[in-house]
Every structure is written in C-alpha cells, then in structure tokens.
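Residues per chain, in single letters:
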Amino acid sequence: MTRLFSFLSSLTFPHGVHPPEFKEATRDQAIRRLPFAPRMIIPLQQHFGEPAIPLVRPQQEVVRGQPIAVANGDLSVAMHAPVTGTVEGIQLMPTARGPKSEAIVIRTLAADSQVVRWGTPRDVNSLSSAGIIQAVQAAGLVGLGGAAFPTHKKLEVPAGHPIDTLVVNGCECEPYLTADHRIMLEHTATLLLGIRLAMRALKAQRAVIGVEDNKLDAVAALRACLSPHDPISVQTVRTKYPQGSEKLLIKALLKREVPSGGYPYQIGVVVNNVSTLSQMGELLPNGQGIIERVVTVAGPGVKKPGNYRVPIGTPLRYLLEQVGYAGDASHIILGGPMMGNTVASLDVPVTKGVSGVIVLPELATQSKPAGKTHPCIRCGRCLEACPVNLNPCELGRLAVKREYAMMQARFHLHDCFECGCCSYVCPSNIPLVQYFRIAKSVNRERLL
Ligand code: SF4
Ligand code: SF4
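Residues numbered from 1 in each chain as written. Chains lettered and ligands numbered in written order. Predicted model: local features only at pLDDT ≥ 70, side-chain atom pairs only at ≥ 80, totals over all residues. Heavy atoms only, no water.

(A) Inspection of the overall build of the protein at higher detail. On a plain count of helices and strands, the protein comes out with 14 helices and 17 strands. Taken along its principal axes, the extent of the C-alpha atoms in the protein is 60 × 50 × 50 Å. For the protein, the residues scored as buried account for 56% of the 448 residues in total. By element, 56% of the accessible surface of the protein is carried by carbon and sulfur atoms, the whole surface being about 18,800 Å². Across the protein, 46 positive and 34 negative side-chain charges occur, with their mean positions spaced 3 Å apart. (Helix = DSSP H or I, 4+ residues; strand = E, 2+ residues; numbered from the N terminus. Buried < 20%, exposed > 50% of the residue type's maximum accessible area, 1.4 Å probe, protein only. Areas by Shrake-Rupley, 256 points an atom, 1.4 Å probe, with all protein chains shown as cover. Lys, Arg positive; Asp, Glu negative; His and termini not counted. Charge placed at Lys NZ, Arg CZ, Asp CG, Glu CD.)

(B) Representation of the environment of Arg196 in the model. Relative to the helices and strands, Arg196 is located in helix α5 (residues 188–202). Take Arg196: its relative accessible area is 32%, and that puts it in the partly exposed class. Distance in space between the C-alpha atoms of Arg196 and Val442 is 41 Å, their sequence separation being 246 residues.

(C) Geometry of the site of ligand 1. Near ligand 1 there are 13 residues, and of these Cys386, Cys416, Cys419, Gly420 and Cys422 occur at the shortest range. Elements that contribute at least two residues to the shell around ligand 1 include exactly α13 (421–425) and α14 (432–447). Of the residues that constitute the shell around ligand 1, the class distribution is 11 nonpolar, 1 polar and 1 charged. (Near = heavy atom within 4 Å. Nonpolar A, V, L, I, M, F, W, Y, C, P; charged D, E, K, R; others polar.)

(D) Representation of the side chain of Thr314. Assignment of secondary structure puts Thr314 in the loop between β14 (306–311) and α9 (316–322). For Thr314, the side chain forms a polar contact with the main-chain oxygen of Pro311, separated by 2.7 Å. Sequence-distant contacts of Thr314, that is, excluding residues within four places in its chain, are made with Ala37, Met40, Leu319, Val348, Pro349 and Val350. (Polar contact = N/O pair within 3.5 Å; in protein donor to acceptor, adjacent residues only side chain to side chain. Contact = heavy atoms within 4.5 Å.)

(E) Region of interest: the sheet that holds strand β4 (residues 61–62). Reading across the sheet, the 4 strands line up as β2-β8-β7-β4 and stay open at both edges, with antiparallel pairing between neighbours. Strands with a single pairing partner mark the edges of an open sheet, and in this sheet they are β2 (39–43) and β4. Where β4 and strand β7 (residues 85–95) come together, 2 bridges link them in antiparallel fashion. In the strand pairing of β7, Glu61 is matched with Thr86. (Pairing = 2+ DSSP bridges.)

(F) Structural context of the nonpolar core. Membership of the largest hydrophobic core comes to 46 residues, with the highest contact counts inside it found for Leu166, Ile195, Ile209, Met280 and Leu284. Of all the secondary structure elements, the ones that give two or more residues to this core are α2 (129–138), β9 (165–170), α4 (179–186), α5, β10 (206–212), α6 (216–224), β11 (232–237) and α8 (274–283). Here this core gets 8 residues from one element, more than from any other, and that element is α5. Contacts of Ile195, omitting those with residues within four sequence positions, involve Leu166, Val168, Ala207, Ile209, Ile232 and Leu277. Formed by 21 residues, the second largest nonpolar core is a distinct cluster that contains Leu319, Ile332, Val343 and Leu346. (Core = buried A, V, L, I, M, F, W, Y, C linked by side-chain atoms within 4.5 Å.)

(G) Local environment of the site of ligand 2. Around ligand 2 sit Cys376, Ile377, Arg378, Cys379, Gly380, Cys382, Cys393, Cys426, Pro427, Ser428 and Ile430, and that is every residue in its neighbourhood. Looking at side-chain class alone, the shell around ligand 2 contains 8 nonpolar, 2 polar and 1 charged residues.

(H) Here's a closer look at the packing of aromatic side chains. Enumeration according to the criterion identifies 3 aromatic pairs in this entry. Here the aromatic rings of Phe22 and Tyr176 are separated by 5.0 Å at their centres, their planes lie at 20°, and the arrangement is stacked. One end of the pair, Phe22, is in the segment before α1 (24–27); the other, Tyr176, is in the loop between β9 and α4, and 154 residues separate them in sequence. Ring centres of Phe48 and Phe149 lie 5.4 Å apart, and the angle between their planes is 40°; on these two criteria the pair is classed as tilted. Of the two residues, Phe48 is situated in the loop between β2 and β3 (53–54) and Phe149 in the loop between α2 and α3 (151–155); the sequence distance between them amounts to 101 residues. Taking relative accessible area as the criterion, Phe48 reaches 48% and is therefore assigned partly exposed. One residue, Lys240, lies across the ring of Phe13, its end atom 4.3 Å from the ring centre. (Phe/Tyr/Trp six-rings, centres within 6.5 Å; stacked < 30°, edge-to-face > 60°. Lys NZ or Arg CZ within 6 Å of the ring centre and 35° of its normal.)

(I) Spatial organisation of the sheet that holds strand β15 (residues 332–334). Taking strand neighbours across the sheet as the criterion, the 6 strands line up as β1-β14-β13-β17-β15-β16 in an open arrangement whose pairing is mixed. Of all strands in the sheet, those bounded by a partner on one side alone are β1 (32–33) and β16 (341–342).

(J) Structural view of the domain arrangement of the protein. What the domain assignment lists for the protein is domain 1 (2–29 + 123–286) and domain 2 (381–447). For domain 1 and domain 2, the distance between their C-alpha centres works out to 28 Å. Contact residues are listed per partner, giving 14 residues for domain 1 and 13 residues for domain 2. Carbon and sulfur atoms supply 60% of the area that domain 1 and domain 2 bury against each other, a total of about 910 Å² over both sides. In this assembly, domain 1 and domain 2 are joined by 0 salt bridges. (Domains from an automatic or database assignment. Buried area = accessible area lost by both parts, 1.4 Å probe. Salt bridge = Lys/Arg side-chain N within 4 Å of Asp/Glu carboxyl O.)

(K) Structural detail: the pairing of β7. One ladder, built from 9 bridges, connects β7 with strand β8 (residues 98–108); its direction is antiparallel. Its bridge partner being in β8, Gly85 is matched across the sheet by Thr108. The hairpin turn running from β7 into β8, its antiparallel successor, is 2 residues long.

(L) Inspection of the pattern of salt bridges at higher detail. Within the structure shown, the criterion is met by 20 salt bridges. One salt bridge connects Glu246 with Lys154, and the closest N-O pair in it is separated by 3.0 Å. Note that Glu246 is positioned in helix α7 (residues 246–254) and Lys154 in helix α3, a separation of 92 residues in sequence. Under the relative-accessibility criterion, Lys154 is labelled partly exposed at 25%. The partner of Lys215 in a salt bridge is Glu212, with the nearest N and O atoms 4.0 Å apart. In this structure, a network of salt bridges that share partners links the residues Arg33, Arg64, Glu282, Glu292 and Arg309.

Now the structure itself:
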C-alpha cells in the first residue's frame, strides 16, 4: 500500500540505485525478545576510537546494566553488563573482521529474571548541554546505524561552528533492514525525547526527521505526536539507495552541500540516526547504559525473520539458532547487504553497531559481486550510479595498476564513501568498492 504513494516525495539526491527492498518479511512485525544466551562476549572495542578499560575481574558477579568498562579518554565510551551473571574472563575473542580482540566474557545466571538492576533516574530537563554530552558518553552510546562513532563526540561540535539543524536519519535505505522503521512506530515517544535532548546538547533551533516514502506509517506516527509549531518536523524523501548517507540526506532535505572532505557541522548540521536517538531518550532519564539494541534478522535462510531486541554480546550462533538458521558463517552479513560486512565466524557477538544480521545464500543484491569478473566494457553505468559524481571506471583501472596516490590526487578517492552503487550496477562484476577500500587503507597508512 505504502509503495503506491512513493511518487509523493521529490526530495532526493542525483544518481544512486534501486535494489529490491526485501522488507516485507519483517516490517509489519512488532519488535520481539529472545531468550538470553548462556554466555555473552562484550568486546572492549566496538566503537570508533580507543577501547574501553575493564572495571571488572574474573569470577566477579555482575548485574544487568552495571558498568563493566569505562571510556579510555575522549574518543571512547563505557560498556555495561548485558546480563546478570559471572565474569568468566577478559580474553582475546574473535571479531567480525577476523583478528581477535579483548572482550569481557560473562556467564549468564540462568535462574535470574534479567530485569535491569542498575541505573539512577535523573531529571533530564535540568541537564545542561555539557551535562547531556557527558551522560551520553557514560551511557556508552555510539552511532547505532552502523558507524559506531561515539555519539557524545558528534554532539560536541568544535567551537565556532553553530548548529542550526539536527537532521534525524530515518531512511533505512539498505535492503532487508526494518529496525529503524519499527522503532519509529513503536518507540515514537522515546525517539522524540532523544531528539529534543540532542537539540539541547547542540543548541540547535530545529530538527528535521528524513523518512523514505516507503514508510508512510512511520511518518504518520511521528507527525501525530508533533504540534504544527513544533521545532521538530518530518519530511519524506524518495526511496532510493543510499539515501541514508548523511551528506546525501542533508542535500535532499536542506539543499546544502557538505564540502569535499569536510563534515556536516561546517554547514551548521549534525546528523544522528533514529536508533541512536531513541536509545538516548530511553537511557538518559533512567541513568542507564546501552545493553541491547534492535536488530533485523532476515534473509532467505531465516525461518523466523523479524526485529529482535538483542543484548549486546549475544553470539551470532546463538541468535541464528533462535531464528531457525542452521547454516555456517559463509553467507552471513552484518548490517545491510550493500554496505555490510561478511563475518569470519559465528562465534562473534552482536555489537552496538550491528543493525542487521542478514543471511543471503545467493548474495543477490550485495555490492560484492559473486560471479566471475570480466574486463571493463566502458558502459558508463558506474558513473551514472555514483551519488558523489566520481569516475569509478577510471578509479578501478588505476586500482588494478596500484596507482593509489593518483586515485587520491586526481580522482578524489577520499570522496568515495564506499556505498557500493558502482559495483552493484557493473555488468562486468568488477569489485570496484573492494578496490577502493584497499586503496583508501593503503593511502591512510602512507600518511602515518
Ligand atoms: S562506492 Fe564510491 S565510487 Fe562507487 S558509487 Fe559509491 S561513492 Fe561512488
Ligand atoms: S560499470 Fe563496470 S563495465 Fe561499466 S564502465 Fe563501470 S567499471 Fe566498466
């Protein structure tokens, strides 16, 4: 029904792609809970920045919600116990990308009710801007859309850059993912409170929530809670990938351009996503930290697809067993199929940045082509798809010759945000975005 009205929104950005949505299996189901896993793995580094410092020792008993690690400096956040149980150890454990990293392992107390027993309720109305930012860091909040950048650092804008608008990202443009959609429908009040707190922290006069026009029920739910003079407004944007990229969303909603290589705060804007702000509205009044998040679990291999409230630290193997998937790790993607990453092992846990666990036997819509690679036929489709007007064809040719410095100097590689549109449309199956990731990481190392 909602797709019938998708022509309503003309707000968008140039280029991009329209992969099949595959959202039907989960978007109309309420968020559910699963039983607690017997063993939780909480990596000390599950955010951009420095790993947190453990506060607990082996054999120590912890209760659900208790702080178990503190932020290590400004670019770091706290961790909290996702279950009541006993610390088994602090040890090297597998991560989604392969190399092991230090994690606090907690054995869940099976007999416990697992109610949250930690937290000091506070009057958020009396918090100053600095007080809100401090509380956000103590709550361990990071960008839950996938970036896992510490949220307090986003709210702490460098001096001399006044913010007039908070843009709230409710696009969820990746195929399969519907967690943000359900949050807008089911947690509307906490989301709006989180937005108001973020506006106060930023001293922003207004907030605009951008929602793709395939979620008109969420638009209606949000608008029903806002008065005509509210500084928060809701705008539909066209359903198109990658509409949720922050620079493209700003362009669509505000007609402002973030400078090449720059940040949104330089043009008076900060962007946060719906899941993050909803958690802010839920946790700050209760003086609690983040211990769980909503994750879309879906894909052809999943018997019980849906949106689940999953404790941070739940091993993927356990989560997938609960939803009826019996395969191995070879076709699991964390996040959405366009920008998400495959996992090396099912022993890795759900971390704060995991918005989806998608099982894709065919890898049908992924930006990493599954078939054989052929020579470039100069068809130009990648140029038509690139939302930031790069020349992926030429960049790909230089990448094969390892001309990484030239890619940067003459073809603006730094503006590539790895959306995967070019790989997705390439008829020759050239893994362009993988080339660009390698080139960017080599260039970064050369600068060190
Ligand atoms: S991955 Fe980079 S080059 Fe390819 S379409 Fe996206 S922004 Fe453009
Ligand atoms: S889409 Fe692929 S084949 Fe076509 S020009 Fe780009 S790289 Fe070459």
